[in-house]
Amino acid sequence: MPLCLVLHELDPPSPEAEQVFFHAVFEIAPEHWRLTEGATLVATGVSPGYLLDHLRRAMRHARLSLRLLLVTPVGNDLAAHGLPPEGESWIREAAG
C-alpha cells in the first residue's frame, strides 16, 4: 500500500483541530504513524493529491484552517535517522 509523508501545521493548533484532522486521516488510511507534532506517515491506497484534498475538505467543513499541508509519497529508497527499529520496519513494509 502506498505510503505518504504528510507535513501539517494547524492554524491555530488546538485539540479540536487535531481531532478533526486525524479523524479525516482515519477515514482514509488503514495505518498511520505520527512521527512528530507536524509530521505523519500515512499508509493509504489514494494518491497524495486526493489525500491532500480530503484533509483540506475535512478542515474546511469544520471551519478550521491549515497553515501548511504537504503530502508526498515515500518509497523504498527512504533514508532516515533516529527512527526506532520497529518504525523502520513498519515503513519498509508499508512502502512495499
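For the structure, see preceding data.
Residues numbered from 1 in each chain as written. Predicted model: local features only at pLDDT ≥ 70, side-chain atom pairs only at ≥ 80, totals over all residues. Heavy atoms only, no water.

**Notes on the pattern of salt bridges**
Considering all chains together, one arrives at three salt bridges under this definition. Among the ionic pairs, glutamate 9 bridges to arginine 67, the shortest N-O distance being 2.8 Å. Highlighted residues: glutamate 9 in strand 1 (residues 3-11) and arginine 67 in strand 4 (residues 65-74), separated in sequence by 58 residues. Of the residues examined, glutamate 9 reaches a relative accessible area of 34% and is grouped as partly exposed. The partner of arginine 67 in a salt bridge is aspartate 11, and the shortest N-O contact between them spans 2.5 Å. Of the two residues, arginine 67 is situated in strand 4 and aspartate 11 in strand 1; the sequence distance between them amounts to 56 residues. Its relative accessible area of 52% is what places arginine 67 among the exposed residues. According to the relative accessible area criterion, aspartate 11 is partly exposed, its value standing at 30%. A single salt-bridge network, built from bridges that share partners, covers Glu9, Asp11 and Arg67. (Salt bridge = Lys/Arg side-chain N within 4 Å of Asp/Glu carboxyl O. Helix = DSSP H or I, 4+ residues; strand = E, 2+ residues; numbered from the N terminus. Buried < 20%, exposed > 50% of the residue type's maximum accessible area, 1.4 Å probe, protein only.)

**What about helix 1 (residues 15-28)?**
Because an α-helix completes one turn every 3.6 residues, residues spaced three or four positions apart along the sequence face the same direction. In this model helix 1 runs 20 Å from its N-terminal to its C-terminal C-alpha over 14 residues, within 8% of the 20 Å that 1.5 Å per residue would give. Those residues of helix 1 not exposed but buried are Ala17, Val20, Phe21, Phe22, Ala24, Val25 and Ile28. Tucked inside the fold, the buried residues of helix 1 contact strand 1, strand 2 (31-36), strand 3 (39-43), helix 2 (48-61) and strand 4. (Expected span 1.5 Å × (residues − 1). Contact = heavy atoms within 4.5 Å.)

**Observations concerning the sheet that holds strand 4**
Across a sheet, paired strands are connected by hydrogen bonds in the backbone, their directions being either parallel or antiparallel. On the basis of which strands lie adjacent, the open sheet formed by four strands has the order 2-3-1-4 and antiparallel pairing. Edge positions in the sheet fall to strand 2 and strand 4, since each has one partner strand and no second. Each strand of the sheet is rotated relative to its neighbour by a mean of 20°, with strand direction disregarded. With five bridges joining them, strand 2 and strand 3 adopt antiparallel strand pairing. Residue pairing for strand 3: histidine 32 is matched across the bridge by valine 42. In the packing of helix 1 onto the sheet, contacts are made with strand 1, strand 2, strand 3 and strand 4, and the angle to strand 1 comes to roughly 160°. Each of strand 1, strand 2, strand 3 and strand 4 is contacted by helix 3 (residues 85-95), which is oriented at about 135° to strand 2, the strand it contacts most. (Pairing = 2+ DSSP bridges. Axes fitted to C-alpha atoms, helices over the stretch in contact; angles between N-to-C directions.)

By themselves these figures say nothing about function.
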